[in-house]
Amino acid sequence: SSGINAEYGEFRADAEVKFMNTLSKPKKMTGVRAGRIPLVRTREKTSGWPAGNPTDIKHALDTDHYEMAEDEPYYASKEVERLEDNLVARPNDKKSDIIERITESRKQRHKNALENLHEELGHLNKAVDPQVASELESTKEQISWILSEIQILFSGIEQNDILYTYPLKRLQVLWEDVVTLLQKRSTKISDLREQLTKTEKQRRDQISELFKHYSALFHEIAFLNTDAINLLMDLEVHNSNQLLLSNHKLYANLISQSQLENVVRLRGYRIKWEERVATWRDLHSQQTIDKFTNFMKTPAITNCPDISNIKDMMKCELNGLIERRWGKVQGAHDLKPPTFTTKTVLRWYEEVCELSLTLENTNRKYISKLSAVGDKVLLDCENVADRMLETLQLEGVCSDAEAQDLKETHIMPLIQDWGAKHKESLLVMGEEFSDQAAKFKSNVHLLYDFQNKAAEIWTEYGARVTAKNNELAALVKKCRLKHDEINQQLESSLDMVMDKMRQDTNDIELKRHLDKATEALDEIAASYSHFKKDMADVIKTYPDMITGELLGYSVKIRKHLGCYTEEEKESEEKPEEEKEGAENAVTVQGEEISDPPPPEEPTEQKSDENAFMTEIGEVVAEKPSYTDDRFGSLEEGLTVVYLEHLDLLTDDVTQQSEQTVEEKLCELKSEVELRHHIHKPRATRMRLDIYNVRLNELKNHEERVKQHGAGVTLEISTLRNEFKKLGAEHDVKGKKFKKLVEDCETSLTRLEKTAHLQSLQAKVTTAYDDHMNMIKLELSSFRNKMEVKLNDLRESNQHFGLAFKPFAEGGNFGPDEIETYRKKLEKCNLKIDNCETYILTELDGMESKCLDAAVEMTNSFDAKLKMHILDVAFLEKINSWMSNCQVRIKTEVAACNMMSKNLKTKIEGLRKLIDSCARPHPDKPPVKPEEVLAAIPDVYNLFQQRILYLDCAKPPPKSTVLINPENPMLQSRESIQDFQGVVNLTKNILTMSRKASVPSMDSESVTMDKRKPVIAEPMYDWFISKQEAAPKPTSKRGKSRVETAERTKRLGSASSRSSMISVVLSDVQSFMPIIKKILQETQGALFVSSEAYYSQYQGPPSRSGIADTLEGCMEELNKRLNNYYLQTQEFYNKCIQDLRGVLSDVLQLHLEVPPLLYEEILEKYVTEVSQKTNLIKHQFDQNKVKIADLRESNKQQLKPILGHPNREVDLNNLCRKEEDRAMESGDVLNEYYNELTNTERTLAQAFIESINICTERLMNLFDQLITTDDVILGTVAEEKLPTTVLLKRELRSKQGDTLSTPALSQEGRKVKLVRLADIAVERTASSKSDNFKTSKFTPVHEEALSSMSKVCGEYKERFVVIMEELEKLSVKWTANEERWKKQWVASVHHVRNLYKPVNIS
């Protein structure tokens, strides 16, 4: 890679040097051109530039351009001075010979023409070669810039540190930038080739035209013949062709070398880029490996916290378990007599083994945890490696296979090394723990064997001591049983004597049996002394039995501990012999109370002892040593403990055996004393508990019978007294009930409500029921109480008789006693039966007497109550109908007020909307005029409902028109039958049945509305009763049923008359008709109720407020209804006046709505016009700046040098460019003018359409507006005016000059819509205007039309101002262009005149 880069660098350097040399060295002339006349002849007078070589020409042009850049005006003047002033050669006038002069003239002309040809060729090359040189230099600069850019791109990745920070995408972008730059370089070279080809083509065409011109000129001069001229021209053409061909060849070589170099550079850059990418991949791979290596060396891996924590936890827990286990091992010191056995030692050994097992399980658990954590660490390391490699893959550093290879070769060995070390450490830990566990297990087993043997010896000793204790207990038990049998016989004879004492019937037999029982108690006390002597002899043999067993235990334990000697054996043989003698003595002494032990038992025990000692000897001989010194020292300590315990045990056993004998003797003594102590008071208790008790029983039997008889007599007398008391209480309650009924009769006249009378009736009825129920309840209760008490007395006699039980049934009575006591109880039963018969006879007469008195008083009260209830019910019904009428009228008034309130609330909301829209404020919500307009129809609907409900719309002049024609069911005020018709009908009915009488009805008891007095003279004549000439008899209540039947036959029934009245009533929805309907219904109901009351057959009214006749009652009721009607009419008039005031306020509110809508439309379209015109003006300003820049550019390009004939083409191009600019300027102005005019006209037309739509909408909406002229005036108080004003009005009326206030609601008018001609007069296509007619014309219509005219005028003023500004701009622009055109023409003419030849005459 480095070799390729070096070769590529050398090649690139050589190519650049070769390219620069090609551009700088002069061209070589080939063929004829090298040795003949040059294409362009050099003339010092014309210019100091080199001719022929394009490179030299370019260098000269660059030098001149540099000099001109320093002081352009100065060097421009110098350049003009170097040009020839006289371009036409003057003929030589000094030739005399005409032929010679002609020939010389032709020669000179030929020569001059040839020189001119060469000169023009030179000028042509001078004009073209700088262009070629500039193109070459420009291309060279661009190519150099591209190469420098590529070098800059590659310089950014030369250093590895910077290269590492690059992502792969950025490197790819860098390569794409390099390729793009090289493509640009290739494109520049291709463009250079096309441009050079085009330039050479232009040069060739110009040379061709030049040769054609001069060929014709040479033939015209005719200095040479035609062949010579053709040959001369062929030579010149050949030289020119050679020059053109050499130029083409040079250009082709240059282009091909550049393209080849571009390809070579591309390949070199690609190799370099791939090397840097490979380096970038290596850097990232190595960085990842180093990063993972450092990661594996981090404390988190080398000294993993999880592993360290687990090891610490393992160490802590294992040390705790080891200390706990050793503590349990040391607990062997506590396993010593007398509390330890083989089971205790086995339990201790099992606990130690269990702790060892727990220790092993704990070690195994932590080893598994360490292994799992190690696996997790390995997995985490592998995951980290995978993430790193995945990052490399995502970054494009390597592929999947390369990443896997990198993982296997560099990363996995590190992970495997760590895993191997971790597993090796775990194996070492496991082996160390296993060795320690095995050693500890063997040592513990040896210690367990030592302790187990000692425990077996101690257990055997304990069993033998227990056997001796059991033997002693058996001897004691046999002795006790023998003495218990003797005592049982003595106690049974004593019990027989005592039973006889309990059943004795006289005092003599009771005394004899008492003496016999006393002798039996003395014999039992003597047997207790014999029991004490026998038990003491058996207990004193216990110490000798225990001492022999202790000697055997001492020999066995010393042999087990390894400290048993021959001297100790000899010293112990003598105590064994003594032990055998003691056992035989015990046996001899206990022959009377126990059986001798079997003779084989000592032999078996001896053989067991010998076998046990053999095992101990073998164990001691074959005992292995401990591997841990701690266990050896522990066993030595246990040996000392056992020996010390043996010494202590000898003293304790001797002391305890003696103490046991003393305790048992003491217990025996206490037992015998306790028996004597318990036996001693038995004689006294026998006298008290048996003898005295039986004697007292005989005396108590007689006393109980006497007390029972006295109690029965007392209960019967108490019951008779209670019966007498009950009769007295019933008399008192009867008097109270009578007083209650009399009080209720007195209060009948004071009650004015049926409910009160009914409650009074209910009170009397309840009192009657309570009174009778109470009497019945008390009598029943007394009867039940008497029965219960007498039954209790009978049962008491019966139970008392059954209580006399003889001795055979478990009692303490004799047969004679029982017979005497039963006769006395029969006399008590006879007294009870006599008392019951007397009381029952008296109870029946008492209940019937109370019932008759209460019924008589209740019937008298009901007869008086019935008359009062009938009159009060009639008054309540009248008051109820009047109250119902009031409530219904007030309900309609409340509904009317609620409708008015809703209307005013809606108007207030409309007022707030108009205020927020007309006078916006931050505290007010934003409101648009459309929202205001949308809220108006709701107000109109409420007005329509209000007028319909009040029925206050003015009728049309000729025919009746409904306010709401869509609902034909609603009728106007005139269509509803008048209330007077119904009243007249009622009047006629009453007149037919009326008989001359004066109304006597009390109005104060019926009138409900006391706010206004009843009018004495009603407004309707049917309220006044017309008196007939001959008075007729009055129709009062209390007439016969015949007169009532005749009246019914003449007038009809009440239901038929009610139906006649209901015919007049109809369903109405207006306020006053509803009120009339309510009054009509109330009057009909009152008439029916009154007629029903007066038609009943009753006596005179019990109430003073009821009229005597039906006519008088209805007269008073009609007055009250008329008063309600007058008050309702007054309220109705106030509602109409309030409605007229609200209509006036709404009219003023409507005057503010049209300006808001029209101003919103104006603002909307003005804003839209401003936005669109601003865009058009902005585009025009940009075009204007562009035109100005072109003008300035043309002005700068117009230099004096362009006046030279050789620059005629450039000057003509510049003039054409200026003409194009002038045409473009005119097009810009026309486009701006037309676009702005069309926009203004289009938006003006849209504005007019919006105005017309808004006008039509407002006119249609305001046609529904209701004014005060559309509502009836109502009743208004006449205004009191001064006399002068009244006189003036009368005078004007006489003169016919009455001033009439114009109506608010007038006939509809034609409304003329706005036309486009009203705004832009000269630009409208037609002047036709649309009209429409409104259904009415109000001040609101007038305000809407005024606002429309105002807005249209403002828009027209703005439109005219914009059009005038546009015209002014157009005129100003045209004048400016004309002025500039004149200046330009003058400047061009001046430049052309600079190089015209000056004629010298």
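Residues numbered from 1 in each chain as written. Predicted model: local features only at pLDDT ≥ 70, side-chain atom pairs only at ≥ 80, totals over all residues. Heavy atoms only, no water.

Trainee: Break down the overall build of the chain for me, with residues and values.
Mentor: Each helix and strand in the chain was counted, giving 30 helices and four strands. Burial status across the chain gives 37% buried among its 1401 residues. When the accessible surface of the chain is summed, it comes to about 82700 Å², and 53% of that surface belongs to carbon and sulfur atoms. (Helix = DSSP H or I, 4+ residues; strand = E, 2+ residues; numbered from the N terminus. Buried < 20%, exposed > 50% of the residue type's maximum accessible area, 1.4 Å probe, protein only. Areas by Shrake-Rupley, 256 points an atom, 1.4 Å probe, with all protein chains shown as cover.)

Trainee: I'd like to hear about the pattern of salt bridges, residue by residue, with values.
Mentor: Taken as a whole and assessed by the stated rule, the structure comprises 35 salt bridges. The salt bridge involving Lys272 is made with Glu158; its shortest N-O contact spans 2.6 Å. Of the two residues, Lys272 sits in helix H8 (residues 226-297) while Glu158 sits in the loop between helix H5 (98-155) and helix H6 (160-165), which places them 114 residues apart along the sequence. Of the residues examined, Glu158 reaches a relative accessible area of 39% and is grouped as partly exposed. Note that Glu1208 and Arg1392 form a salt bridge whose closest N and O atoms lie 2.3 Å from each other. Taken as a pair, Glu1208 in helix H28 (residues 1208-1262) and Arg1392 in helix H30 (residues 1339-1393) lie far apart in primary sequence, 184 residues in all. (Salt bridge = Lys/Arg side-chain N within 4 Å of Asp/Glu carboxyl O.)

Trainee: Break down the environment of Ile411 for me, with residues and values.
Mentor: With respect to the element layout, Ile411 can be found in helix H12 (residues 400-502). Ile411 gets classed as buried once you look at its relative accessible area, which sits at 1%. Residues Ile411 and Thr293, spaced 118 residues apart in sequence, show a C-alpha to C-alpha distance of 7.9 Å.

Trainee: Requested: an account of the packing of H8 against helix H11 (residues 342-394), with residues and values cited.
Mentor: The geometry of H8 relative to H11 is characterised by a closest axis approach of 11 Å and an angle of 160° between their N-to-C directions. In terms of axis orientation, H8 runs roughly antiparallel to H11. For the pair H8 and H11, the sense of crossing is right-handed. Two secondary-structure elements touch here, H8 through His284, Ser285, Thr288, Lys291, Phe292, Phe295 and Met296 and H11 through Cys381, Val384, Ala385, Met388 and Leu392. Of the residues assigned to the contact of H8 with H11, the class counts are eight nonpolar, three polar and one charged. (Axes fitted to C-alpha atoms, helices over the stretch in contact; angles between N-to-C directions. Parallel < 35°, antiparallel > 145°, perpendicular 65-115°, else oblique. Left-handed = near helix turned anticlockwise from the far one by under 90°. Contact = heavy atoms within 4.5 Å. Nonpolar A, V, L, I, M, F, W, Y, C, P; charged D, E, K, R; others polar.)

Trainee: Tell me about a nonpolar patch on the surface, and name the residues and values.
Mentor: Residues Ile98, Ile99 and Ile102 make up a contiguous nonpolar surface patch of roughly 290 Å² in combined accessible area. Following the sequence through the fold, Ile102 ends up in helix H5. Using a relative accessible area of 40% as the deciding quantity, one classes Ile102 as partly exposed. (Patch = residues over 30% accessible without salt bridge, like charges linked within 9 Å, V, L, I, M, F, W, Y side chains within 5 Å.)

Trainee: Describe the packing of helix H7 (residues 168-221) against H8, listing the residues and the values that go with them.
Mentor: At a minimum axis distance of 11 Å, the contact between H7 and H8 shows a crossing angle of 180°. Between H7 and H8, the angle falls in the class roughly antiparallel. Per-class residue counts for the contact of H7 with H8 are 25 nonpolar, 13 polar and ten charged.

Trainee: Residue-level account of the nonpolar core, with values.
Mentor: By size, the foremost hydrophobic cluster in this structure holds 100 residues, and its most contacted members are Phe943 and Phe1247. Listed by contribution, the elements that provide at least two residues to this core are helix H20 (815-918), helix H21 (929-950), helix H25 (1071-1094), helix H26 (1110-1150), helix H27 (1153-1197), H28 and H30. Here this core takes 17 residues from H26, the largest share from any one element. Those residues in contact with Phe943 that lie beyond four places of it in its chain are Leu903, Ile907, Leu1139, Val1142, Leu1143, Val1146 and Ile1266. (Core = buried A, V, L, I, M, F, W, Y, C linked by side-chain atoms within 4.5 Å.)

Trainee: Report on a negative patch on the surface, specifying residues and quantitative values.
Mentor: Negative charge collects at one region of the surface, where Asp515, Glu519, Asp522 and Glu523 lie side by side. One can find Asp515 in helix H13 (residues 507-539). (Lys, Arg positive; Asp, Glu negative; His and termini not counted. Charge placed at Lys NZ, Arg CZ, Asp CG, Glu CD.)

Trainee: Just give me the short version of the side chain of Thr1109, but keep the residues and values in it.
Mentor: Topologically, Thr1109 is positioned in the loop between H25 and H26. On the basis of relative accessible area, Thr1109 is assigned to the buried category, the value being 4%. Side-chain polar atoms of Thr1109 contact the backbone nitrogen of Gly1112, separated by 3.3 Å. (Polar contact = N/O pair within 3.5 Å; in protein donor to acceptor, adjacent residues only side chain to side chain.)

Trainee: Can you explain the confidence of the model for the chain? Please cite residues and give values.
Mentor: Mean pLDDT for the chain: 75, with 78% of residues reaching 70 or above. Ignoring residues within four places in sequence, the model shows residues 958-1067, a span with pLDDT below 50, making 172 contacts including any to other chains. (pLDDT = per-residue confidence, 0-100.)

Trainee: Break down the packing of aromatic side chains for me, with residues and values.
Mentor: Going through the model one piece at a time under the given rule, you end up with 19 aromatic pairs. With a centroid separation of 6.5 Å and an interplanar angle of 50°, the aromatic rings of Tyr214 and Phe218 are classed as tilted. Residue Tyr214 and its partner Phe218 are located together in helix H7, separated by four residues, close to a single helical turn. Neither Tyr214 nor Phe218 differs from the other in exposure class; each is buried. Arranged with centres 5.4 Å apart and planes meeting at 40°, the rings of Trp458 and Tyr461 form a pair that is tilted. Here the residue Trp458 and the residue Tyr461 both occupy positions in helix H12, the gap between them amounting to three residues, near one helical turn. A network of ring pairs unites the aromatic residues Tyr949, Phe1071, Phe1131 and Tyr1132 as a single cluster. (Phe/Tyr/Trp six-rings, centres within 6.5 Å; stacked < 30°, edge-to-face > 60°.)

Trainee: With reference to specific residues and values, describe the environment of Gln330.
Mentor: Within the secondary structure, Gln330 sits in helix H10 (residues 305-330). A residue is classified by how much of its surface remains accessible, and Gln330, at 39% relative accessible area, is partly exposed. For the pair Gln330 and Arg630, spaced 300 residues apart in sequence, the C-alpha separation works out to 9.7 Å.

Trainee: Explain a positive patch on the surface to me, using residue names and the numbers behind them.
Mentor: A grouping of Lys706, Lys824, Lys827 and Lys831 is seen on the molecular surface, where their side chains present a positively charged patch. Considering every element that reaches the positive patch, the biggest residue donor is H20, with three residues. The residue Lys827 is located in helix H20 in this model.

Trainee: Break down unusual backbone geometry for me, citing the residues and quoting the values.
Mentor: Trans peptide bonds make up most of the peptide bonds, and negative phi angles are found at most residues other than glycine. With phi around 60°, Ala222 is a residue other than glycine that occupies positive phi space. As for its placement among the helices and strands, Ala222 is situated in the loop between H7 and H8. A relative accessible area of 34% places Ala222 in the partly exposed class. Its identity is not glycine, yet Asp951 carries a phi of approximately 55°, on the positive side. If you trace the backbone, Asp951 turns up in the loop between H21 and helix H22 (979-993).

Trainee: Kindly report on H21, identifying the contributing residues and their values.
Mentor: Turn by turn, an α-helix covers 3.6 residues, leaving residues three or four places apart pointing in a common direction. Between its first and last C-alpha, H21 extends 32 Å over 22 residues, near the 32 Å set by a 1.5 Å rise per residue. Three or more residues of H21 are buried, namely Pro929, Val932, Leu933, Ala935, Ile936, Val939, Tyr940, Phe943, Arg946, Ile947, Tyr949 and Leu950. Once H21 ends, the next one or two residues include Asp951, with phi positive near 55°. (Expected span 1.5 Å × (residues − 1).)

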